[in-house]
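# Remarks on the overall topology
Residue-level listing of the chains:
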Amino acid sequence: MVVTPQLHQTSYTSMAKQNCRSKISSVFSDGFLFVGGSIVALIVVWALWSFMSASSTADPSFLPTSATQKSALETPRDPVDTGFNLRFDPPDPTYYDDPDMSYTMEKPMKNWDEKRKQWLKLHPSFIPGIENRILMISGSQSTPCKNPIGDHLLLRFFKNKVDYCRIHGYDIFYNNVLLQPKMWSFWAKMPAVKAAMLAHPETEWIWWVDSDAAFTDMDFKLPLDRYKNHNFVLHGWEKLIYEEQSWTSINAGVFLIRNCQWSMDLMETWSKMGPQSPEYDKWGEILHKTFKDKIFKESDDQSGLAYLLLKEKDKWGDKMYVEGEYYFEGYWVEIVGTLDNITDKYLGVEKGEERLRRRHAERVSESYAKVWDEHLKDAGYGRYSWRRPFITHFTGCQPCSGDHNQMYSGETCFDAMQKALNFADNQVLRKYGYMHKDLLDSSDVFPVPFNFPA
């Protein structure tokens, strides 16, 4: 058992007081026979009690060296109260000690469930709550953006993700290197996801979020109970997959994947359609023929995933959840124009709900999300809803390169990104006492008055 300086002092004080009381009692019991001796004894006891009481509140630095070292070296928990024992990694061998274990996509991981289970058994402090533990991953290129404001935009998108993770207690890993040079562009996410699974056996879910996707509802959390029987969650529409067979029936830019062997197998199969594979050109032809609305012949991750859902449903589809009920990720063109109306609706709710106007610490934000739920029962989800969209995805805007889809202008993309990011930022800044006056002005803020917006 480790005794901290505080515990040591408390027990020492208790013993001192107990000894003092027993000695005083003894002195008074003999006082009638030895009055003079009792006075002397009282003086001695009083002196001892004063010394011991002072010692009980002494600075820990005055404790014996061995006691302070023991406390510092054997503290069983992380100084940040996560409940994890971050200072304990036993010498027992794990998959990390296997020289043949590889983080790369070329060498598949086998028996991952057993290896992960063994690691957790050796690190039991990470087991409680594991079923809801999420690691978010995003990333961008290692070189500066071609677009003059691209790096600024990527920084803001990253800040947005960090804000969301901080509010909900999630870890985040941002990767800006090409882990496998041959897996470029949209394929680059796979090596990062596999590496994250191996680096974080304590995490149940890996949540990939593209760099150009922004959280626009800081309160909403993934309904993990809905996905408990599935290993992969993505946004899409089953009718478009199985009836219309469209390559845009899903979006692979945001997905949730369970840290398990099934997922390792899926990524192995999925990655074989990528540019590092000798079958890359063949898969380009297959995907082009399978999806009639796919106008380019290049094999891409989204078409590849849609193909696995369509053609290998028995093998993969039953463990994939195609989420279409809310904006697991939503197309920015249909979202950004609704943000002003949504802002007005939410302010209207706050005017009538004193609990939502109360200032509070950011750390307890989730308790206020429950209050919001009471008022959003009829708001709906997704398109035509006045509920905040969960994730707004700027597909086609290409903030880093600036090579946006010619369907819209670069100015349209920039204004939309700025508006969505400030819409999200207002939800964060308000916890710090400020808000943006204008969603199209990122620099100008005002102090939020007490009881706003009554």
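Here the structure is a predicted model, which means the values were calculated and not measured.

## Digging into the pattern of salt bridges
Per the counting criterion, the structure on display carries 21 salt bridges. Here Asp301 makes a salt bridge to Lys189, at a shortest N to O gap of 2.8 Å. One end of the pair, Asp301, is in helix 10 (residues 301-311); the other, Lys189, is in helix 6 (residues 189-199), with 112 residues separating them in the sequence. The same class applies to Asp301 and to Lys189, which are both buried. Among the ionic pairs, Glu204 bridges to Arg258, the shortest N-O distance being 2.7 Å. A residue pair is termed long-range when its members are at least 10 positions apart, and Glu204 in the loop between helix 6 and strand 3 (205-209) and Arg258 in strand 6 (residues 250-258) qualify at 54 residues. Exposure remark for Glu204: the relative accessible area of 12% places this residue in the buried category. The network of salt bridges with shared partners includes Lys159, Asp163, Arg166, Glu362 and Asp425.

## Description of the state of the cysteines
All chains considered together, the criterion is met by two disulfides. Each sulfur in the disulfide pair Cys145 and Cys400 lies 2.2 Å from the other. Measuring handedness by torsion sign, the sulfur bridge of Cys145 and Cys400 sits at about -105 degrees and is left-handed. Remark: Cys400 occurs in the loop between strand 9 (391-393) and helix 15 (410-429) and Cys145 occurs in the loop between strand 1 (134-139) and helix 5 (150-168); sequence separation between them is 255 residues. Taking relative accessible area as the criterion, Cys145 reaches 10% and is therefore assigned buried. For Cys400, a relative accessible area of 11% corresponds to the buried category. For Cys397, the disulfide goes to Cys413, at an S-S distance of 2.1 Å. An S-S torsion of about -85 degrees defines the bridge between Cys397 and Cys413 as left-handed. Note that Cys397 is positioned in the loop between strand 9 and helix 15 and Cys413 in helix 15, a separation of 16 residues in sequence. Each member of the pair, Cys397 as well as Cys413, carries the same accessibility label: buried.

## A word on the packing of aromatic side chains
Under the definition given, this model contains 33 aromatic pairs. Residues Trp119 and Phe126 carry aromatic rings whose centres are separated by 5.5 Å and whose planes lie at 45 degrees to one another, so their mutual orientation is tilted. In this pair, the class of Trp119 matches that of Phe126, namely buried. Aromatic side chains Tyr170 and Trp207 sit 6.4 Å apart centroid to centroid with 75 degrees between the ring planes, which places their arrangement in the edge-to-face category. Here Tyr170 is found in the loop between helix 5 and strand 2 (171-175), whereas its partner Trp207 is found in strand 3, with 37 residues between them in sequence. Taken individually, Tyr170 and Trp207 each receive the classification buried, so the pair is uniform in this respect. Taken together, Tyr164, Tyr170, Trp207, Phe215, Phe220, Tyr326, Phe328 and Phe390 form an aromatic cluster joined through their ring pairs.

## A look at the nonpolar core
A general feature of soluble globular proteins is that nonpolar side chains tend to end up buried together. Ranked by internal contacts, the top residues of the largest apolar core, which has 50 residues, are Phe232 and Trp270. The contact partners of Phe232, leaving out residues within four places of it in the chain, are Phe255, Leu256, Ile257, Trp262, Leu266, Trp270, Leu305, Lys319, Met320 and Tyr321. Counting residues in each nonpolar core, the second largest holds 26 residues, with Leu153, Leu339, Ala416 and Met417 among its members.

## Notes on a nonpolar patch on the surface
Together, Tyr331, Val333 and Met407 line one region of the surface with nonpolar side chains, adding up to about 300 Å² of accessible area. Considering the arrangement of structural elements, one finds Val333 in helix 11 (residues 332-335). Residue classification places Val333 among the partly exposed residues on the basis of a relative accessible area of 44%.

## Some points on the sheet that holds strand 1
Across the sheet, which stays open at both edges, the six strands sit in the order 2-1-3-6-5-7 with mixed pairing between neighbours. Only two strands of the sheet have a single neighbouring strand rather than two, namely strand 2 and strand 7 (320-323). Shown here is a sheet whose adjacent strand axes are inclined to one another by a mean of 25 degrees, direction ignored. Across four bridges, the pairing between strand 5 (residues 232-236) and strand 7 is parallel. Bridge assignment links Phe232 to a residue of strand 7, and that residue is Met320. Contacts from helix 5 reach strand 1, strand 2 and strand 3 within the one sheet, and its direction differs from that of strand 2 by about 160 degrees.

## Structural notes on the environment of Phe215
As for its position among the elements, Phe215 is in strand 4 (residues 213-215). In this structure Phe215 comes out as buried when scored by relative accessible area, which is 0%. A C-alpha to C-alpha distance of 9.7 Å links Phe215 and Arg388, two positions 173 residues apart in sequence. Excluding residues within four positions of it along the chain, Phe215 makes contact with Met136, Asn160, Lys161, Tyr164, Trp207, Val209, Phe390, Ile391 and Ala424.

Rules behind the numbers
Residues numbered from 1 in each chain as written. Predicted model: local features only at pLDDT ≥ 70, side-chain atom pairs only at ≥ 80, totals over all residues. Heavy atoms only, no water. Salt bridge = Lys/Arg side-chain N within 4 Å of Asp/Glu carboxyl O. Helix = DSSP H or I, 4+ residues; strand = E, 2+ residues; numbered from the N terminus. Buried < 20%, exposed > 50% of the residue type's maximum accessible area, 1.4 Å probe, protein only. Disulfide = S-S within 2.5 Å. Phe/Tyr/Trp six-rings, centres within 6.5 Å; stacked < 30°, edge-to-face > 60°. Core = buried A, V, L, I, M, F, W, Y, C linked by side-chain atoms within 4.5 Å. Contact = heavy atoms within 4.5 Å. Patch = residues over 30% accessible without salt bridge, like charges linked within 9 Å, V, L, I, M, F, W, Y side chains within 5 Å. Areas by Shrake-Rupley, 256 points an atom, 1.4 Å probe, with all protein chains shown as cover. Pairing = 2+ DSSP bridges. Axes fitted to C-alpha atoms, helices over the stretch in contact; angles between N-to-C directions.

Read these as spatial facts, not as claims about activity.
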